[in-house]
Each structure stands twice: as C-alpha cells, then as structure tokens.
Amino acid sequence: MALVAFVVNRTLLRDPGRFGEHCRAAAQARGWVPWFGLAGAAEDGLELACRAVAAGASLVFAAGGDGTVRACAQALAGSGVPMAIVPLGTANLTARALGVPARSELAVEAGFGGRDRTIDLARVEGTSGTWFAAMAGIGLDAAVVAAAGEQLKRRFGWAAYAAAGMRKLTTPPHEFTVCLDDAEPLRRRARCVVAANAGLLPGGFTLLPGASLDDGLLDVGILAPSGAWDWIRLAGRVLAGDRRQDRALQRLQARRVRISADAVLPRQVDGEIVPPGRALNVSVCPRALTVRLPG
C-alpha cells in the first residue's frame, strides 16, 4: 500500500489527537498507510517533509499555516511528489490561491480526492536558499507581519494584520532600486516592494490580480502612497480588485527581480520574518511543485 505523510504544525491545533485520528481514518479508508511528522514550528516542516519523501511517501499533506506550506514546498520541489494542504494558519495565502477548503476535514477529503497540478515556486537568494509559494517583501509589509505577532494572530485571526497595518501607516518611505530581469533599474520612493507568485493578502483581498501560480512569472508590486488620501484610494482599489496603476501602486512582471533599499529594512517570506536587510532578490522556478487541488 502507498504511504501518505502528514506534516502537522501541532501548535496550531486545539486538539492534535483528534486531528490525527481523523487523518489516520481518512487514509486507511482509502487504502493508504499514514505517516505522521509533528512540527513544533513552521520551519520544522522542511526536515519532516524531507524525511517523508525518504520514507517513500507518494503524497504529503502540509497541515499548518503559510510557513509550514512553504517549508514542505521547499522539500518537495522537483520531487514530483504532490503536496496537499490543510490550512490551519491565519492567512493561508497559498491554500486560498489554490481553492483549498478552509475547514480541515474538507481539506483532507480534497487532498485524497483531488487532481494534481504543477505550479511555480519562487526562490529568495541569500537566505539559505529559501523557497516560497505566495509572496515575499521588504519594507512596510514585513513590518506589518512582524507587528501582528503570533499571539495577536491566534486571538484575532487575519484582523491582527489589519490592526498592525493601521499602526504602521505612518512608517516613512524609503528609496528603492528595482531591477526586473535585464531592464534598466527603476528608482522609486516607496513604502515597500513585494514579489509574488500569488497576489492575495490576509483576509482574501487581492493586491496583485494579475498574479498566477503557473505563468512562469513573478508579479512585483511597488507600494508608494504618500498620505492619508492615497492610502484610502489604494485600499478602495484593492477591495474592488481594480487593476489600474498609478504612483501609489505600480504592478510589474519579471522572471527575476532584484530589490535594494537605502536602509536595513524588515523582510518577510510567505508571512515568516527573515533577518532584516537592504536587499531582496527573487527568481521564479517554473513548474517546480506538484500540488493536489480539490477535484
């Protein structure tokens, strides 16, 4: 019988035992042999997913938040072993982009009964080869992620990001240089720059509506609102899914983007804070990961 692995961030579960029993029953009912790797933090998922592949897993469930999904994706990249997602986190950006059900029971069912699809991953240079599925950024967006904090996210869900964002709106802009593939560098005074494979924000809002998980391109957003009115207009456009561009939000596409700032700034990768720095260099890896979609 085939082996199915469940890489589970147990810190995000109220009742890990009950969740494990449900996964075990679902696997055995379909003739799979279940294997469990329990993670105490999102980054543990990388080692556990590698162990699952070494053990012969033919399907790996990433049960956790975006950090767990990112870690499992990095382990499974290029392996051909499909990854299913059980979203347990706050934002669950990759799961939302793939249409995975929010309820864990339904997500498990979708993982067993779904269809496979290959998607792109992106790689951040200079951070121990970190890969990601959804979005990375430098500047204000990372400062908001850091300010939200784990305790606030567990208590208030995605609203913790909104509260943190309101506190950070007055963060001053910085000078950024953005190099897209081999084009001439762009110099912008902005709040942050993001590089995305999926364009969703916490809460289900879409910052980069042109982003696609399998187009072989990164979508780059340069956010540069200059005051309260710009922030209001920008929020309205994001909520409405407006694709228009102006100086407050510029959207671009490339296979590789090199971002540099005039100061050491916060940086985030799929909602996980990485060490601050002056640069964020990202390249796309087309069709690097097989994912299991709802059937």
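Residues numbered from 1 in each chain as written. Predicted model: local features only at pLDDT ≥ 70, side-chain atom pairs only at ≥ 80, totals over all residues. Heavy atoms only, no water.

Undergrad: So, the packing of aromatic side chains: which residues are in play, and what are the values?
TA: Across all of its chains, the model carries five aromatic pairs by this definition. Relative to Phe-36, the ring of Phe-6 lies with its centre 5.1 Å away and its plane at 15 degrees, an arrangement referred to as stacked. With Phe-6 in strand β1 (residues 3-9) and Phe-36 in strand β2 (residues 33-39), this pair connects stretches of sequence that are 30 residues apart. On the basis of relative accessible area, Phe-36 is assigned to the partly exposed category, the value being 25%. Ring centres of Trp-32 and Phe-112 lie 6.1 Å apart, and the angle between their planes is 55 degrees; this geometry places the pair in the tilted category. With Trp-32 in the loop between α1 (16-29) and β2 and Phe-112 in helix α5 (residues 104-113), this residue pair connects regions lying 80 residues apart in the sequence. Accessibility assignment for this pair places Trp-32 and Phe-112 in one class, buried. One aromatic cluster is present, formed by Phe-6, Trp-32, Phe-36, Phe-61 and Phe-112 through successive ring pairs. (Phe/Tyr/Trp six-rings, centres within 6.5 Å; stacked < 30°, edge-to-face > 60°. Helix = DSSP H or I, 4+ residues; strand = E, 2+ residues; numbered from the N terminus. Buried < 20%, exposed > 50% of the residue type's maximum accessible area, 1.4 Å probe, protein only.)

Undergrad: Break down unusual backbone geometry for me, citing the residues and quoting the values.
TA: Here the phi dihedral of Asn-92 falls at roughly 55 degrees; this positive angle occurs in a residue that is not glycine. Looking at the element boundaries, Asn-92 is found in the loop between β4 (83-87) and α4 (93-98). Phi at Asp-270 is positive, roughly 50 degrees, even though this residue is not glycine. As for its placement among the helices and strands, Asp-270 is situated in the loop between β13 (256-269) and β14 (272-293).

Undergrad: Which residues make up helix α2 (residues 44-54), and what values go with them?
TA: Listing the buried residues of α2 in full gives Gly-45, Leu-48, Ala-49 and Ala-52. Down the axis of α2, the smallest arc covering the buried residues is 100 degrees, so these residues share one side. Away from its buried face, by an angle of more than 90 degrees, α2 presents the exposed residues Glu-47 and Ala-54. Considering only its buried residues, α2 is in contact with β1, β2, β3 (57-64) and α3 (66-76). Directly beyond the C-terminal end of α2, a positive phi value near 100 degrees is found at Gly-56. (Arc of directions from axis to C-beta. Contact = heavy atoms within 4.5 Å.)

Undergrad: Got a sec to walk through the nonpolar core? Specific residues and values, please.
TA: In terms of nonpolar packing, the biggest core is built from 69 residues, with Met-83 and Phe-112 touching the most fellow members. Contact partners of Phe-112, with chain neighbours within four places excluded, come to Val-4, Phe-6, Ala-26, Ala-27, Arg-30, Trp-32, Leu-59, Phe-61 and Arg-292. (Core = buried A, V, L, I, M, F, W, Y, C linked by side-chain atoms within 4.5 Å.)

Undergrad: Lay out the pattern of salt bridges with the relevant residues and their values.
TA: The tally for this structure, following the rule as stated, stands at nine salt bridges. Across the pair Arg-233 and Asp-230 runs a salt bridge, and its minimum N-O distance is 3.1 Å. Placement of the pair is Arg-233 and Asp-230 together in helix α9 (residues 228-240), with a separation of three residues, close to one helical turn. (Salt bridge = Lys/Arg side-chain N within 4 Å of Asp/Glu carboxyl O.)

Undergrad: Give a description of the pairing of strand β11 (residues 218-223) that names residues and reports values.
TA: Of all six residues that make up β11, six are buried, and the element is covered over most of its length. Burial along β11 is two-sided: Leu-218, Val-220 and Ile-222 and Asp-219, Gly-221 and Leu-223, pointing in opposite directions, are all buried. For strand β10 (residues 192-196) and β11, the ladder comprises five bridges, and the chain directions are antiparallel. Opposite Ala-195, over in β11, you have Val-220 as the bridge partner. Note: β11 against strand β12 (residues 249-254), six bridges, orientation antiparallel. Within β12, the position partnered with Val-220 by the bridge is Leu-252. (Pairing = 2+ DSSP bridges.)

Undergrad: Pulling in residues and values, what's your account of α1?
TA: End to end, α1 covers 20 Å across 14 residues, agreeing with the expected 20 Å (1.5 Å per residue, within 8%). By the burial criterion, the buried members of α1 are Phe-19, Gly-20, Cys-23, Ala-26 and Ala-27. Projected down its long axis, α1 shows its buried positions confined to an angular sector of 130 degrees, all on one face. Residues of α1 that are exposed and point more than 90 degrees away from the buried face comprise Arg-18 and Ala-29. Those residues of α1 hidden inside the fold are in contact with β1, β2, β3, β4 and α5. Count one or two residues on from α1 and you reach Gly-31, which has phi positive near 85 degrees. (Expected span 1.5 Å × (residues − 1).)

Undergrad: Would you mind going over the side chain of Ser-283 in detail, with residue names and values included?
TA: The residue Ser-283 is located in strand β14 in this model. A relative accessible area of 17% means that Ser-283 is categorised as buried. Excluding residues within four positions of it along the chain, Ser-283 makes contact with Leu-121, Ala-122, Arg-123, Glu-125, Leu-218, Arg-255 and Arg-256.

Undergrad: Please give an account of the environment of Arg-267 that cites residues and values.
TA: Its place among the elements puts Arg-267 in strand β13. Since its relative accessible area comes to 11%, Arg-267 is described here as buried. When the C-alpha atoms of Arg-267 and Ala-142 are compared, they prove to be 5.0 Å apart, with 125 residues separating the residues in sequence. One polar contact links the side chain of Arg-267 to the main-chain carbonyl oxygen of Pro-275, over a distance of 2.8 Å. A distance of 2.7 Å separates the side chain of Arg-267 from the backbone oxygen of Ala-279, its partner in a polar contact. (Polar contact = N/O pair within 3.5 Å; in protein donor to acceptor, adjacent residues only side chain to side chain.)

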